[in-house]
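Analysis of the macromolecular model
Each chain is listed here by its residues.
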Amino acid sequence: MSGFHKDVILKDDAPSQLLLAKHRDFILGYAKNQSSYEYVMSEWLRASGVYWCLTALKLLNNSDLKEDDLFEFIMSCYNDEKGGFGASENHDPHLLYTLSAVQILAMIDRLDSVDRDKVVKFVVHLQQTDGSFWGDEWGEVDTRFTFCAFATLVILDRLHDCDVKTGVQFVLQCKNFDGAFGCVPGSESHAGQVFCCVGALSIANKLHLLDIDQLAWWLCERQLPSGGLNGRPEKLPDVCYSWWVLSALKIIGRTHWLDKPSLIKFILASQDEETGGFADRPGDMVDPFHTLFGLAGLSLLGDQHLAKVNPVLCLPQSLVDDLGLKLETLSPNS
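Overview of the structure. What you see is a predicted model; the values in this text were computed from it and never measured.

Our focus in this paragraph is the packing of helix H9 (residues 191–203) against helix H10 (residues 212–220). At a closest axis distance of 11 Å, the pairing of H9 and H10 adopts a crossing angle of 145°. H9 and H10 meet at a crossing whose hand is left-handed. Contacts from Ala191, Val194 and Val198 of H9 reach H10 at Leu215, Trp218 and Leu219. Across the contact of H9 with H10, the residue classes break down as 6 nonpolar, no polar and no charged.

Structure representation (structure tokens):
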């Protein structure tokens, strides 16, 4: 521990170079080993797991996953009656996995293979009169779902089908006195929710409704002496917040408020030199989730070995450009 912060101490012999080939092999091995304990136990979020793996490979400028197999799996998750996607075959459709599925279909250039009208209807029917979105038919409300809905619709070029105005109003109701955002009105500020709310406002072209400097200050306070970022006060640093915090700062034009070299050092120290992959923090077990967001964070920080990532949709920027999407971001001087 360090000072009054919950933190980690980086070892002198921690990795300090990006292990590109190791990460490629880790992701490909994870995707192919379908008899592993980890693979079997991750059925409940598999569509998102496929998204993490595919996006990580795209950022590594690698396309070794068989796209026909990916398409077959994703369409097995599709519920033709309701129009949404579940985490795996025979799972109930949910906004989380519908977004993952649409992101995957975009990356493999198969968006035209899905019934857009049905998917849009599924998403739009989950919006409530107060502007919030349920995640599925069972009624949980969370600002994550607002982002998932907006992101899904904008990728499908159908954002106008939902009530954007009330969706934005709900997001703003979730803002706290510290300038950050929670899951629902009155809930604790959390960096993951900040990303979702800032991302939703970016898609809606409403970033001017934010108190930029107050929010940026809260986000920058997430950086600890180790260089890593946490998700809320008094929590340990975690590589995934190298995405949630950094991407929000990128959208609002305040990444220069962070100590970037220290953050890069923390992210690189969280690699496994033997197996490849990133862990939540140095010394822990690696997984595809943290591997994607470690790579995405390094991409935002300008690593030239990686493809450029879009800070709103966490997709390759080249794909976002090809789709013709113009997502609002602010300059550092805003």
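The next thing to look at is the pattern of salt bridges. Pairing is possible between side chains of opposite charge, provided their charged atoms come close. Considering all chains together, one arrives at 14 salt bridges under this definition. In this structure, aspartate 112 engages arginine 116 in a salt bridge whose closest nitrogen and oxygen atoms are separated by 3.2 Å. Exposure remark for aspartate 112: the relative accessible area of 70% places this residue in the exposed category. Judged by relative accessible area, arginine 116 falls into the partly exposed class, the value being 25%. For aspartate 117, the salt bridge goes to arginine 158, with nearest N and O atoms at 2.8 Å. With aspartate 117 in helix H6 (residues 116–124) and arginine 158 in the loop between helix H7 (143–155) and helix H8 (164–173), this residue pair connects regions lying 41 residues apart in the sequence. Members of the salt-bridge network, linked through shared partners, are Asp117, Arg158 and Asp161.

Here serine 132 is to be found in the loop between H6 and H7. For serine 132, a relative accessible area of 1% translates into the label buried. Between the alpha carbons of serine 132 and leucine 28 there is a distance of 37 Å; along the sequence they are 104 residues apart. The residues touching serine 132, leaving out its near neighbours within four places in the chain, are Leu126, Gln127, Val141 and Phe170.

A few words now on the nonpolar core. Within the largest apolar cluster, 116 residues are counted, with the highest numbers of intra-cluster contacts made by Phe150, Ile155, Ile203, Ile252 and Leu313. Ranked by size, the runner-up nonpolar core spans 5 residues in total, among them Val8, Leu10, Val239 and Ala269.

Turning our eyes to something else, we now look at the side chain of serine 88. Inspection of the secondary structure assignment puts serine 88 in the loop between helix H4 (67–76) and helix H5 (95–107). We classify serine 88 as buried; its relative accessible area is 6%. If we ignore the near neighbours within four places in the chain, the residues touching serine 88 are Glu43, Arg46, Phe73 and Cys77.

As a further point, take the state of the cysteines. Throughout the structure, instances matching the rule amount to 0 disulfides. The thiol sulfur of cysteine 240 is not disulfide-bonded, and the nearest other cysteine sulfur, from cysteine 314, lies at 12 Å.

A separate point is the packing of H4 against H5. Where H4 meets H5, the axes come as close as 10 Å, and the angle between the chain directions of the two elements is 155°. One finds that H4 runs roughly antiparallel with respect to H5. Like other packed secondary-structure pairs, H4 and H5 cross with a definite hand, here left-handed. Of the residues in H5, those touching H4 at Glu67, Phe71 and Ile74 are Ala101, Ile104, Leu105 and Met107. Considered class by class, the residues forming the contact of H4 with H5 number 6 nonpolar, no polar and 1 charged.

Our focus in this paragraph is unusual backbone geometry. Positive phi values are uncommon outside glycine, yet asparagine 61 reaches one of about 60°. Relative to the helices and strands, asparagine 61 resides in the loop between helix H3 (46–59) and H4. With relative accessibility at 55%, the residue asparagine 61 sits in the exposed group. Located in the positive-phi region is cysteine 314, a residue other than glycine, with phi close to 50°. With respect to the element layout, cysteine 314 can be found in the loop between helix H13 (288–300) and helix H14 (317–322). Exposure remark for cysteine 314: the relative accessible area of 3% places this residue in the buried category.

Here we take up the environment of aspartate 68. Along the polypeptide, aspartate 68 turns up in helix H4. Exposure remark for aspartate 68: the relative accessible area of 55% places this residue in the exposed category. Taking the C-alpha atoms as reference points, aspartate 68 and isoleucine 108, separated by 40 residues in sequence, lie 8.7 Å from one another.

The end-to-end C-alpha distance of helix H1 (residues 20–32) is 19 Å, a good match for the 18 Å that 13 residues give at a rise of 1.5 Å each. Every buried residue belonging to H1 is among His23, Phe26, Ile27 and Leu28, and all of these are buried. The inward-facing, buried residues of H1 contact H3, strand S1 (278–279), strand S2 (286–287) and H13.

A cluster of like negative charges, contributed by Asp12, Asp13, Glu273 and Glu274, occupies part of the molecular surface. Tracing the backbone shows aspartate 12 in the segment before H1.

Enumeration according to the criterion identifies 10 aromatic pairs in this entry. A ring pair is formed by tryptophan 52 and phenylalanine 289, whose centres lie 5.1 Å apart and whose planes are at 75°; its orientation type is edge-to-face. Separated by 237 residues along the polypeptide, tryptophan 52 in helix H3 and phenylalanine 289 in helix H13 bring together distant segments of the chain. A cation over an aromatic ring shows up here: arginine 110 above the ring of phenylalanine 71, its NZ or CZ 3.8 Å from the ring centre. When the ring centre of tryptophan 218 is taken as origin, the NZ or CZ atom of arginine 222, which lies over that ring, is 4.6 Å away.

Analysis parameters
- Residues numbered from 1 in each chain as written.
- Predicted model: local features only at pLDDT ≥ 70, side-chain atom pairs only at ≥ 80, totals over all residues.
- Heavy atoms only, no water.
- Axes fitted to C-alpha atoms, helices over the stretch in contact; angles between N-to-C directions.
- Helix = DSSP H or I, 4+ residues; strand = E, 2+ residues; numbered from the N terminus.
- Left-handed = near helix turned anticlockwise from the far one by under 90°.
- Contact = heavy atoms within 4.5 Å.
- Nonpolar A, V, L, I, M, F, W, Y, C, P; charged D, E, K, R; others polar.
- Salt bridge = Lys/Arg side-chain N within 4 Å of Asp/Glu carboxyl O.
- Buried < 20%, exposed > 50% of the residue type's maximum accessible area, 1.4 Å probe, protein only.
- Core = buried A, V, L, I, M, F, W, Y, C linked by side-chain atoms within 4.5 Å.
- Disulfide = S-S within 2.5 Å.
- Parallel < 35°, antiparallel > 145°, perpendicular 65-115°, else oblique.
- Expected span 1.5 Å × (residues − 1).
- Patch = residues over 30% accessible without salt bridge, like charges linked within 9 Å, V, L, I, M, F, W, Y side chains within 5 Å.
- Areas by Shrake-Rupley, 256 points an atom, 1.4 Å probe, with all protein chains shown as cover.
- Lys, Arg positive; Asp, Glu negative; His and termini not counted.
- Charge placed at Lys NZ, Arg CZ, Asp CG, Glu CD.
- Phe/Tyr/Trp six-rings, centres within 6.5 Å; stacked < 30°, edge-to-face > 60°.
- Lys NZ or Arg CZ within 6 Å of the ring centre and 35° of its normal.

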